[in-house]
Amino acid sequence: MADTKREIERKYESDESGLPDLTGVAGVKAVIDKGVVSLDAVYYDTADERLAAAALTLRRRTGGSDAGWHLKVPVAPGVRDEIREPLSDTVPDTLAALVRSRVREAELLPAVRLRSDRDVRHLMDAQGKLLAEVSVDAVHAERLTEGGGTAQWTEIEVELADDGDPVFLDQVEKRLRKAGVRPSSSASKLARALEETARTPGSGKSGSGKSGSGKSGSKKKKRKAAPVPAEPAEPVSAGDHVLAYARAQRDAILELDPAVRQDAYDSVHRMRVATRRLRSTFRSYGKVLDRTVTDPIGEELRWLAGELGVDRDREVVTERLTTVLGELPTTLVSGPIRTRLDTWANARHGGSRGRLIGVLDSRRYLTLLDTLDAVIAGPPLLEAAAGDPSKVIGKAVRKDFGKVSALVEEAVEAPPGADRDLALHEARKKAKRTRYAAEAATPALGTSARALAKSMKALTSLLGEHQDSVMVRVTLRELSAVAHAAGESSFTYGVLYGREEQRAAGVEAALPEAWEGIVAEGSVQV
């Protein structure tokens, strides 16, 4: 497992005056000179700079205390996770995998070389604890691709110490601003290097010069913007709004891919939800996007959601049974039920985890990502896409709500048992789809769509309780049979089964009133 470090830092422009005195910063007792270190880093990217477009940086760096391969993944403004691997001649497989959803089949090549002389200061508190590391970096950038140029600048970097309070960075910035130092206009050294070494339009040559003091030769150097995804225009038509929501789900899948590979908390579930949202969008807005094109993509999204959900049902059941077992009096717990539950819960996790990584590395998944990019870039718009959002989108949402309404009524009228269970499950799925359709409609329709999305979320949660109970009871029957065959007591399984029946009955009893409340609120008037 690669080493990961949360990096919270800010960058500032610097001129010949260097670093201002920071002894006056609140909480700083001493500023310790740690000397100058020389750093040499080569940044890798595809020929069309896909990593840079996603604000990802992959580098091989020598010099300093953390020499090695580093992949930096944005978390929030000024916050990145730096994933580290030891030095090697080629990109480590672990880091290559983490950027595969962006790189796909393209080759990672040396793109930029940054050599820096880093003058380091440590800001210490009264107890001798490190608060932040401040450095003045004299940077020389060289673009390594054909026709690349060079650039030079000096910047100040302030990195918060591990487990430090980000508020401290505000104190440092206040002092820097008072001394005339301003935040950098570039998010990272690489972003600035790409800007300043880019080919100058019309000249056939790349930029080459010195900056930081605001000069390049005798004239101020004009930066060329680094490659970034084109910002979509403000949504106007129905098609604009649907595509904006679809694009957001595509982006979520790409952004969550590294987290899923690292088994980050809740990442699999969130990625699965994004795939469902996107598939639901294609289905709900079939009058906007041609379903002869989107239906096959939807089937691939269903496949991906299924692969992501292999362990999800088991996790839900395990969490529920663990909770209710903990609530039972000891007099009602007989036999090794906790041990059997643990064995059942862990039976497939290791194997399914490996299977999921295989899915994310598969050609089928990467082809799906290519297809999503293509359909977002060149959407199969139908005539209604140019229409008034309030009419086109509103009609689609009302149609979805009508399906939910019919299924809820069917479930309420069905006799208790398997038929009602199935009807409630179908109503839950349609309520999710309607919620996602309302989410997509909210920018266009405003309060009414937002209220409907909220109502459908509440309905989905209520019906989810019922479906969870159905799954738990199925599992309890299976575990009870195995326990009985092994000569163990099945008494506690029966107690838990009875509680789950009561749980489901409670949901069924609450549903009519909950549904009447949704209709009475008028949230369906989109």
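Small disclaimer: the values here were computed from a predicted structure and weren't measured.

What counts, and where the lines are drawn
Residues numbered from 1 in each chain as written. Predicted model: local features only at pLDDT ≥ 70, side-chain atom pairs only at ≥ 80, totals over all residues. Heavy atoms only, no water. Phe/Tyr/Trp six-rings, centres within 6.5 Å; stacked < 30°, edge-to-face > 60°. Helix = DSSP H or I, 4+ residues; strand = E, 2+ residues; numbered from the N terminus. Buried < 20%, exposed > 50% of the residue type's maximum accessible area, 1.4 Å probe, protein only. Pairing = 2+ DSSP bridges. Axes fitted to C-alpha atoms, helices over the stretch in contact; angles between N-to-C directions. Parallel < 35°, antiparallel > 145°, perpendicular 65-115°, else oblique. Left-handed = near helix turned anticlockwise from the far one by under 90°. Contact = heavy atoms within 4.5 Å. Nonpolar A, V, L, I, M, F, W, Y, C, P; charged D, E, K, R; others polar. Expected span 1.5 Å × (residues − 1). Bend = angle between axes of the 7 residues up to and from the residue. Patch = residues over 30% accessible without salt bridge, like charges linked within 9 Å, V, L, I, M, F, W, Y side chains within 5 Å. Areas by Shrake-Rupley, 256 points an atom, 1.4 Å probe, with all protein chains shown as cover. Salt bridge = Lys/Arg side-chain N within 4 Å of Asp/Glu carboxyl O. Lys, Arg positive; Asp, Glu negative; His and termini not counted. Charge placed at Lys NZ, Arg CZ, Asp CG, Glu CD. Polar contact = N/O pair within 3.5 Å; in protein donor to acceptor, adjacent residues only side chain to side chain. Core = buried A, V, L, I, M, F, W, Y, C linked by side-chain atoms within 4.5 Å.

Student: Got a minute to help me understand the packing of aromatic side chains in this structure?
Tutor: Each aromatic ring pair is specified by the distance between its two centres and by the angle formed by the two planes. Counted by the stated rule, this structure contains two aromatic pairs. For the ring pair Tyr-44 and Trp-69, a centre distance of 5.2 Å and an interplane angle of 55° mean the geometry is tilted. Pair noted here: Tyr-44 is in strand β2 (residues 30-45) and Trp-69 is in strand β4 (residues 68-76), with a separation of 25 residues, a long-range link. Considered together, Tyr-44 and Trp-69 belong to a single accessibility category, that of buried residues. Look at Phe-401 and Trp-515: their rings are 5.4 Å apart centre to centre, the planes differ by 15°, and that puts the pair in the stacked class.

Student: Can you walk me through the pairing of strand β7 (residues 130-143) in this structure?
Tutor: Relative to β7, strand β6 (residues 109-124) is paired through 13 bridges, and the arrangement is antiparallel. In the sheet register, Met-124 faces β7, and the bridge partner there is Leu-130. Between β6 and β7, which follow one another and run antiparallel, lie five residues, and Gly-128 among them has a positive phi close to 80°. Note: β7 against strand β8 (residues 150-160), eleven bridges, orientation antiparallel. Across the sheet, the residue bridging to Ala-138 is Thr-154, located in β8. Joining the antiparallel neighbours β7 and β8 is a turn of six residues, in which Gly-147 adopts a positive phi near 80°.

Student: Please explain the packing of helix α7 (residues 267-284) against helix α8 (residues 291-308) as it appears in this structure.
Tutor: A pair of packed helices is characterised by two quantities: the angle between their axes and the separation of those axes. Between α7 and α8, whose axes approach to 9 Å, the crossing angle comes to 160°. By the angle between their axes, α7 is roughly antiparallel relative to α8. In terms of crossing hand, the pair formed by α7 and α8 is left-handed. Counting all contacts with α7, which are made through Val-268, Met-271, Arg-272, Thr-275, Arg-276, Leu-278, Arg-279, Phe-282 and Arg-283, the residues of α8 involved are Arg-291, Thr-294, Ile-297, Gly-298, Glu-299, Leu-301, Arg-302, Leu-304, Ala-305 and Leu-308. Considering only residue class, the contact of α7 with α8 consists of nine nonpolar, three polar and seven charged.

Student: I keep staring at helix α16 (residues 491-520) and nothing clicks. Help me out?
Tutor: For an α-helix, 3.6 residues make a turn, and residues three or four places apart therefore share a direction. Here α16 spans 45 Å end to end across 30 residues, near enough to the 44 Å set by a 1.5 Å rise per residue. At Leu-511, α16 shows its maximal kink, close to 40°; a proline, Pro-512, follows between one and four residues later.

Student: Please explain a negative patch on the surface as it appears in this structure.
Tutor: There is a patch of like negative charges on the surface, built from Glu-409, Glu-410, Glu-413 and Asp-419. Looking at the negative patch element by element, the count peaks at three residues for helix α13 (residues 389-413). Take Glu-413: it is sitting in helix α13. Among the residues examined, Glu-413 registers a relative accessible area of 68% and is labelled exposed.

Student: Can you help me understand the side chain of Arg-118 in this one?
Tutor: Within the secondary structure, Arg-118 is located in strand β6. A relative accessible area of 9% places Arg-118 in the buried class. Within the local environment of Arg-118, its side chain forms a polar contact with the side chain of Asp-137, the two groups lying 2.8 Å apart. With near-sequence residues (within four places) excluded, Arg-118 lies in contact with Gly-35, Val-36, Val-37, Leu-39, Arg-61, Ser-135, Val-136, Asp-137, Glu-157 and Lys-189.

Student: Could you clarify how one ought to interpret the pattern of salt bridges in this entry?
Tutor: Where charged atoms of side chains with opposite charge meet at close range, the side chains can pair. A complete count under the given rule lists 52 salt bridges for this structure. For Glu-82, the salt bridge identified is with Arg-59, shortest N-O distance 3.4 Å. Of this pair, Glu-82 sits in strand β5 (residues 79-85) while Arg-59 is found in strand β3 (residues 57-62), placing the two residues 23 residues apart along the sequence. On the basis of relative accessibility, which here comes to 2%, the residue Glu-82 falls in the buried class. Judged by its relative accessible area of 7%, Arg-59 falls in the buried class. Between Glu-142 and Arg-115 there is a salt bridge, with the nearest N and O atoms lying 4.0 Å from each other. Residue Glu-142 is found in strand β7, and its partner Arg-115 is found in strand β6; the two are separated by 27 residues along the sequence.

Student: What exactly am I supposed to notice about the packing of α8 against helix α12 (residues 363-377) here?
Tutor: It is at 11 Å that the axes of α8 and α12 come closest, and there the two elements cross at 140°. Classified by the interaxial angle, the pair formed by α8 and α12 is oblique. As α8 packs across α12, the resulting crossing turns out to be left-handed. For the pair α8 and α12, the contacting residues are Val-293, Ile-297, Glu-300, Leu-301, Trp-303 and Leu-304 in the first and Arg-364, Tyr-365, Leu-368, Thr-371, Leu-372 and Val-375 in the second. Broken down by class, the residue content of the contact of α8 with α12 amounts to nine nonpolar, one polar and two charged.

Student: Is there a simple way to explain the pairing of β8 in this structure?
Tutor: Counting buried positions over the eleven residues of β8 gives eight, a clear majority of the element. Alignment of strand β1 (residues 3-13) against β8, held across five bridges, turns out to be antiparallel. Opposite Arg-10, over in β8, you have Val-158 as the bridge partner.

Student: Which parts of the structure should I look at to understand the environment of Ala-151?
Tutor: When you line up the elements, Ala-151 lands in strand β8. Overall, the relative accessible area of 0% leaves Ala-151 in the buried class.

Student: Would you mind going over the nonpolar core with me for this structure?
Tutor: Most often, soluble globular proteins have nonpolar side chains that are buried together. With 62 residues, the main nonpolar core has Ile-253, Tyr-285, Tyr-365, Met-456 and Leu-459 as its most contacted residues. Ignoring any residue separated from it by four or fewer positions in sequence, one finds Tyr-285 in contact with Val-242, Ile-393, Ala-396, Val-397, Ala-437, Ala-440 and Ala-441.

Student: Teacher, can you tell me more about unusual backbone geometry here?
Tutor: Most peptide bonds take the trans configuration, and most residues that are not glycine carry a negative phi. For Asp-163, which is not glycine, the phi torsion reads 65° and is therefore positive. One can find Asp-163 in the loop between β8 and α4 (167-178). Positive phi, close to 65°, is recorded for Asp-266, a residue that is not glycine. Along the chain, Asp-266 falls in the loop between α6 (238-261) and α7.

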